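Listed here are the chains, written in short residue letters.
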Amino acid sequence: MYKIIKKHRLILAISLLVEIVILTTLVLTTIFCPDYGGHYIVLSVFTALFVLYDAGLALAFSILIKEKKGHAEMTSAEVLGNDMDEAYNFGEVGLAVCDAEDNVLWVNGFLASRIPNLVDTNIYSSLPGLSSPVGSESWNRLTIKDNSHIFKVELLKEARLFVFKETTKFENMDVYRKKTAPVVGYLTIDNYYDIEQAMSDETKFAGALFKAKSLITSYIESSDSLLRQVQADRYIFITTKEKFDDLYADKFSIVEKVKKETEGFTLSIGIAYDFPDYSKLSEMAASALDVALSRGGDQTVIAPFSHSMIFLGGKAELQPARNRVKIRSLSRAFVTTLRDNKYKKVLVMGHINADLDALGGEVGVYLLCQKYKVKCRLAFEEQLVDNATRRAVDTLYSSDEKKKVFITMKEALDYLDENTLLVLVDHNSFELSMFNEVAQKADNVAIIDHHRPGMKKVENPVFLHVDSSASSTSEILTSFITYSLDDIFIDGRTATLLLAGISLDTRFFKEKTSAATFEACSQLKSYRADTGKVDDLLKEDLESYNRKNEITHNIEVPKTDVLLASAPEDVYFMDATLAIAANELSSLRGIKCAMAIGKTNSHTVKVSCRSDGEANCQLLMEKIGGGGHLTMAGATFTDMSIQEVKDKIKDMLNDYFDDALIHNDVTIGG
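Residues numbered from 1 in each chain as written. Predicted model: local features only at pLDDT ≥ 70, side-chain atom pairs only at ≥ 80, totals over all residues. Heavy atoms only, no water.

(A) Structural view of the confidence of the model for the protein. Chain-level statistics for the protein give a pLDDT mean of 83 and a share of 83% at 70 or above. When the criterion is pLDDT under 50, residues 134–139 qualifies, and its contacts beyond four places in sequence or with other chains add up to 17 contacts. Here residues 664–670 scores under 50 on pLDDT; set against residues more than four positions off or in separate chains, the count is 23 contacts. (pLDDT = per-residue confidence, 0-100. Contact = heavy atoms within 4.5 Å.)

Rendered as structure tokens:
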């Protein structure tokens, strides 16, 4: 066909050129020889002949092209007519023609074999999975459940033709790929060495350990998963996503089973999936296990690639093991970090709305820096701390001392450089830091905290100690100081602030206390900690009392043994006031959990959650995007009303409160 058109164009071009030459000659002859009258007649005749010639030539080529084209189309039609069904069957393509009312007039053989009895029915009624109408340029995934066939469907609107492309094989392959995707996990016995030391009878320990190992082995291998022991207290297991889903549906009951059926052993599990590389999954699973252990153990942490971590279990607090060797080792490691020649100075920072425990942690680190002659400043901004902390600084430090010890946000921006070590105390996430923007610029970060880590972690800290069994950060710093290899004298002011931090977080020793807590307090008292001053610092002032009453005035009981207090929509409160309100409500007889909701500014609503130890506040708050500790937790919402937050909390309580209740969970060691 292309050769014919090319030939046609060449002949026309030559003819046109000849015509132009002849006509030009005649015109010139007529102009220069006007006496000869026959020129006009000759010119007219030749012009007419050329026009007829061009028309005839064009007509001839048009007829020739049409014949060739018709012959080609006839050939294609004959081939398709003979093998049309085979072509559609091979390509797994179905066709359905509908009338203006969407009734099916005709289907091809392939579609009839997949979806019988479709003719003379309304296509949208017969195929309810088909959206109406389907875009002419977009595909719509349609599942025919009766026959387990899956199609992509396109509608050619003008022809009222539905084109069905079967994708069942591809879908089944994708489902198979997802089911067999690799899942890697680590399982560890949290308190292996503590129980080994506690049991003087080696035979009894061996029997208890054999029982725990048997339970672990039978549970993992019952899911057709591979289990291998890599250390005395640690295992690695590899399974598929399909088998993992079964274990997840069971909520990894092996954790509870081992705890109940053995001599106090507890398990932690870290799992990773959704990535094709086994080495990467192993790394992710190990990190997930570290998070589980840092949150107190006795739980499962699942880390899907590029998604938020999932937490299962962890209702009860890990009971502290009094291992002085371990504390001394941690203290030495932290001091070594402070004295590293790489760091010329230290910046210590508490959390936003810092309380007395955060301040106690700061002054504890400051004392260590003074001992080892390391330049140190403490982050402090009056509007970013609670009333008790502000009052403590104003009472215990002179104006000159404030300038020497504390640093504002503006000053911290200049103070922080590549040679500065940032120490985060009483929190473990940049988002919670007092000077958030400053903290995120730090290259070298150390963390000392007693709150369970959330999903957002600081990457690669140079020192990390998160002990969720400790009552407070002040208790941890007191242990670091008193168990140091060097004799460190604690001045009365620092001892008082450390004791105030412990008193605050234990609510005057009503909760989260252990032998370690009282031992730390005893040490502080021996260094002349002023208990009268501690009591004065923690007293509630009249303004705080009135503000608290504004919140507790409006109380609901959304669930048995749960109180929910909400502040007015148009009044703003400090975080500390919400915490005080929740604390007071949780101290009422018969109340297992109390929450206080209020606005801290025009765009932010915060929730403070407290419990008497019978409900896991952290588990509840994590379900709505927050976090914290077993008896103290919170959550923050942006651009939501108090009523919207209340509704969200009520839905959460209906779904998860029973799971958060703690029924005689006892953990030994850790």
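(B) How the structure looks around the pairing of strand 15 (residues 420–425). In terms of burial, strand 15 is largely enclosed, as 6 of its 6 residues are buried. Burial of the side chains of strand 15 extends over both faces: Thr420, Leu422 and Leu424 are buried on one face and Leu421, Val423 and Val425 on the other. Where strand 12 (residues 345–349) and strand 15 come together, 5 bridges link them in parallel fashion. Among the inter-strand pairings, leucine 347 is bridged to a residue of strand 15, identified as leucine 422. Alignment of strand 15 against strand 16 (residues 444–449), held across 5 bridges, turns out to be parallel. Bridge pairing in strand 16 links leucine 421 to asparagine 444. (Buried < 20%, exposed > 50% of the residue type's maximum accessible area, 1.4 Å probe, protein only. Helix = DSSP H or I, 4+ residues; strand = E, 2+ residues; numbered from the N terminus. Pairing = 2+ DSSP bridges.)

(C) Geometry of the sheet that holds strand 23 (residues 632–638). Strand order in this open sheet of 6 strands is 18-19-20-21-23-22, and the pairing throughout is mixed. What marks the edges here is a single partner per strand, and that holds for strand 18 (555–559) and strand 22 (627–628). With 8 bridges connecting them, strand 20 (residues 593–601) and strand 21 (residues 604–611) associate as antiparallel partners. Looking across to strand 21, one finds that asparagine 601 is bridged to threonine 604.

(D) The arrangement of the pairing of strand 1 (residues 93–98) in detail. Of all 6 residues that make up strand 1, 5 are buried, and the element is covered over most of its length. The pairing of strand 1 with strand 5 (residues 161–166) spans 5 bridges and is antiparallel. Across the sheet, residue leucine 95 finds its bridge partner in strand 5, namely valine 163. Two elements, strand 1 and strand 2 (residues 104–107), share 3 bridges in a ladder whose sense is antiparallel. Its bridge partner being in strand 2, cysteine 98 is matched across the sheet by valine 104.

(E) Quick look at a negative patch on the surface. On the surface, Glu644, Asp647, Asp651 and Asp655 cluster together to form a negatively charged patch. Of note, glutamate 644 is situated in helix 24 (residues 642–660). (Patch = residues over 30% accessible without salt bridge, like charges linked within 9 Å, V, L, I, M, F, W, Y side chains within 5 Å. Areas by Shrake-Rupley, 256 points an atom, 1.4 Å probe, with all protein chains shown as cover. Salt bridge = Lys/Arg side-chain N within 4 Å of Asp/Glu carboxyl O. Lys, Arg positive; Asp, Glu negative; His and termini not counted. Charge placed at Lys NZ, Arg CZ, Asp CG, Glu CD.)

(F) View of helix 22 (residues 575–586). Here helix 22 is 12 residues long and its end C-alpha atoms lie 17 Å apart, about the 16 Å a rise of 1.5 Å per residue gives. Along helix 22, the residues that are buried comprise Thr577, Leu578, Ala579, Ala581, Ala582, Asn583, Leu585 and Ser586. The inward-facing, buried residues of helix 22 abut helix 21 (542–552), strand 18, strand 19 (562–566), strand 20 and strand 21. (Expected span 1.5 Å × (residues − 1).)

(G) Expanded view of the packing of helix 12 (residues 356–371) against helix 17 (residues 473–482). At a minimum axis separation of 8 Å, helix 12 and helix 17 run at an interaxial angle of 20 degrees. Compared by their axis directions, helix 12 and helix 17 come out roughly parallel. Seen along the crossing, helix 12 lies across helix 17 with a hand that is left-handed. Contacts from Leu356, Asp357, Gly360, Gly361, Gly364, Val365, Leu367 and Leu368 in helix 12 reach Thr473, Ser474, Leu477 and Ile481 in helix 17. By residue class, the composition of the contact of helix 12 with helix 17 is 6 nonpolar, 5 polar and 1 charged. (Axes fitted to C-alpha atoms, helices over the stretch in contact; angles between N-to-C directions. Parallel < 35°, antiparallel > 145°, perpendicular 65-115°, else oblique. Left-handed = near helix turned anticlockwise from the far one by under 90°. Nonpolar A, V, L, I, M, F, W, Y, C, P; charged D, E, K, R; others polar.)

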